[in-house]
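The residues making up each chain are set out below.
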Amino acid sequence: MKTEKKELYQKLFKIVLPIAFQNLMLSLVSASDAFMLGFLDQDSLSASSLAGQVMFVCSLFYTAFVSGCNVLASQYWGRNNKHAVDEILAITMRYSFLIGLIFSLCTCFIPEKIMKIFTSDNYLIQLGADYLKTVSLSYVLTGFLQAYFGIMKICDKAGLSSLIGSVGVILNIILNACFIFGINMGIKGAALATVFASIFQVVLVLFVILQGKCPKLNLKKMFYFTNSELHRDYWKYTAPLLLNQLGWGGGVTMYSVIMGHLGTDATAANSIASIIRSMIASLCWGIAAGVAIILGGMLGRNELEQAKKAGGSFVRCSIWIGIGSGLVILALTPLILKITALNPQAQVYLKYMLFMASYYIIGNSLNSTVIGGIFACGGDTKFGMICDIITLWAVVVPLGMLGAFVLRLPVIAVAFILTLDEFVKIPAVYKHYIKYHWVTNLTNQQEQQN
């Protein structure tokens, strides 16, 4: 039994570590933007943080599309049906490209209107608009990259996707320094660095495709679907994930909106705390992605009982990973406060926000593994959608707005309210988990339909 668990965890971390490293490197881009722009002035930091919410919203669509791809592709890959995997990649790319194009056009032509959603400060609006217009091309490029990174992880190429993503991040950081300080482009420099890094990664992915190291994109299948049943199944599982992502992401964006209207000190502190939390949570999110891939393969091979036992092991693992991540945040807090160039009041806010992040990440680790990994791998995607939307929009966001704009509570009190969502939903998540609706072989259902 111990040998089986050891092999299971070894398999998990073989997949997880490249994914987690890639997530960490992506977080480093935001960290480098914040760190370098913070040296210029706090307004540039705040504006880039608010403008970055647009990419966050865009990424919600990409995450849903790629997660829907993972639900089906991991099971078909486990069943060794590569033709179906190619079809799923084409479907995913079609919608990723469409959304990326929409975001690129909007940020290019109406950046000021977009920034007004996040702040009423005219100077921040202008700075953020400059950033959005410059970075606009990266949205459509990111759609292509996310779809391919997702399929690489399914096809046992997680290390390759991590390598390409990491090289792009390193280039982004180097270009950040060159454009922000060397050419004195300020906030536009950070945006331009992102565009060039995205172009470079796209070139690397195309090179890998030509080398035959990952599936080729069939453009004909991208625009003309030959398997309507598979397309229908894709949306059957992706639609709840998309609604979940938009509901959850919209709530998280509302957190930034609330903080953005509480002053630049609150905005700057919240942006730094969010970046640190995202960096440390990289392993947690990697666990969720790895769990979905491993369990999806097991379910596709009809190893239902083994998948059920493995799910329990992964739940326990996620709790310990969350606790360890929280301790890391606490240990890093003194260093973070020392190196960040914030106003004294913003420093105080940041100190308490980092403490809140240290316990918030435990709930986040557990819920992301169970909802985004275990439930999703078997097509049980509706529960997460309902749970997240109710928790955020019926509880946390209304309470946050009430505390900020009606009761006029202190910034720290409002920030505390906004960290309640992960813990509010844990009882419902556990109750649903033990029903085991997620233990389902989706490939058998497709074969029965055909």
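Here the structure is shown first, and the text comes after it.
Residue numbers here run from 1 along each chain, matching the order of that chain's written sequence. Per-residue local features of the predicted model are confined to residues with pLDDT of at least 70, and side-chain atom pairs are confined, for both listing and counting, to 80 or more; whole-chain, interface and lining totals are unaffected and use all residues. Based on all heavy atoms of the structure, the side-chain values leave hydrogens and waters out of the count.

Would you mind showing me how to read the overall build of the protein chain here?
Along the backbone of the protein chain there are 19 helices and zero strands. Computed over its C-alpha atoms, the radius of gyration of the protein chain comes to 21 Å, within 12% of the 22 Å expected for a compact globule of 450 residues. Principal axes of the C-alpha set define a box for the protein chain whose edges measure 60 × 45 × 35 Å. In what follows, residue pairs with any heavy atoms lying within 4.5 Å of each other are defined as contacts. In the protein chain, once contacts between residues fewer than 6 apart in sequence are set aside, the share between residues at least 24 apart is 85%. Using the Shrake-Rupley algorithm and a 1.4 Å probe, accessible areas are obtained, with residue cover drawn only from the displayed protein chains. By element, 67% of the accessible surface of the protein chain is carried by carbon and sulfur atoms, the whole surface being about 18,900 Å². Helix and strand labels come from DSSP, where a helix needs a run of H or I of at least four residues and a strand needs a run of E of at least two; each type is numbered from the N terminus. The atom set for the radius of gyration is the C-alpha atoms, and the globule formula is 2.2 Å times the number of residues raised to the power 0.38.

Sorry, what's going on with the packing of helix α14 (residues 344-377) against helix α18 (residues 426-433) here?
Helix-helix packing is described using two parameters, namely the angle between the two axes and the distance between the axes. All axes are obtained by fitting lines to C-alpha atoms, using only the stretch in contact for helices, and the reported angles, taken between N-to-C directions, cover 0 to 180 degrees. Orientation of α14 relative to α18, taken along the N-to-C sense of each, is 35 degrees, at an axis distance of 11 Å. Between α14 and α18 the crossing geometry is left-handed. Together, Gly-363, Leu-366, Asn-367, Val-370, Ile-371, Ile-374 and Phe-375 of α14 and Ile-426, Val-429, His-432 and Tyr-433 of α18 make up the contact between the two elements. Crossings are sorted by hand: turned counterclockwise from the far helix by less than a right angle, the near helix makes the crossing left-handed, and turned clockwise it makes it right-handed.

Please clarify how the pattern of salt bridges should be interpreted in this entry.
Opposite charge on two side chains makes pairing possible when the charged atoms of those side chains draw close. Each reported salt bridge corresponds to a side-chain nitrogen of Lys or Arg within 4 Å of a carboxyl oxygen of Asp or Glu. For the coordinates displayed, the defined rule picks out four salt bridges. Here Arg-301 and Glu-303 are joined by a salt bridge, their closest N and O atoms 3.3 Å apart. In the salt-bridge network here, residues are joined through shared partners; they are Asp-388, Glu-422 and Lys-425.

For this particular structure, what's the right way to read the nonpolar core?
One broad trend across soluble globular proteins is that nonpolar side chains are buried collectively. Take the buried residues of types Ala, Val, Leu, Ile, Met, Phe, Trp, Tyr and Cys, join any two whose side-chain atoms come within 4.5 Å, and each joined set is a nonpolar core. Accessibility here uses a 1.4 Å probe with only protein chains present; expressed as a share of the type maximum, an area under 20% marks a residue as buried, one over 50% as exposed, and anything in between as partly exposed. Grouped together as the largest cluster of nonpolar side chains are 137 residues, with contacts concentrated most on Tyr-148, Val-205, Leu-295, Leu-350 and Phe-375. Filtering out sequence-adjacent residues up to four positions away, Leu-350 remains in contact with Ala-269, Ile-272, Ala-273, Ile-336, Leu-337, Thr-340 and Leu-342.

Any chance you could explain the environment of Cys-284 here in plain terms?
The residue Cys-284 is located in helix α12 (residues 282-300) in this model. Since its relative accessible area comes to 0%, Cys-284 is described here as buried. In the structure, Cys-284 is positioned 112 residues away from Val-396 in sequence and 22 Å away in space, judged by C-alpha atoms. Non-local contacts of Cys-284, meaning those with residues more than four positions away in its chain, are made with Ile-321, Ser-325, Ile-361, Ser-365, Ser-368 and Thr-369.

Could you clarify how one ought to interpret the packing of aromatic side chains in this entry?
When two rings of Phe, Tyr or Trp (its six-membered ring) have centres within 6.5 Å they constitute a pair, described as stacked for plane angles under 30 degrees, edge-to-face for angles over 60, and tilted for the intermediate range. Under the defined criterion, the tally for this structure stands at 15 aromatic pairs. With centroids separated by 6.0 Å and ring planes inclined at 20 degrees, the aromatic side chains of Tyr-433 and Trp-438 adopt a geometry described as stacked. Following the ring pairs from residue to residue traces out a cluster consisting of Phe-61, Phe-65, Tyr-95, Phe-103, Tyr-139, Tyr-234 and Trp-235. Positioned over the ring face of Tyr-436 is Lys-308, at 4.7 Å from the centre of the ring. Definition used: whenever NZ (Lys) or CZ (Arg) falls within 6 Å of the ring centre and also within 35 degrees of the ring normal, the charge is taken to sit over that ring.

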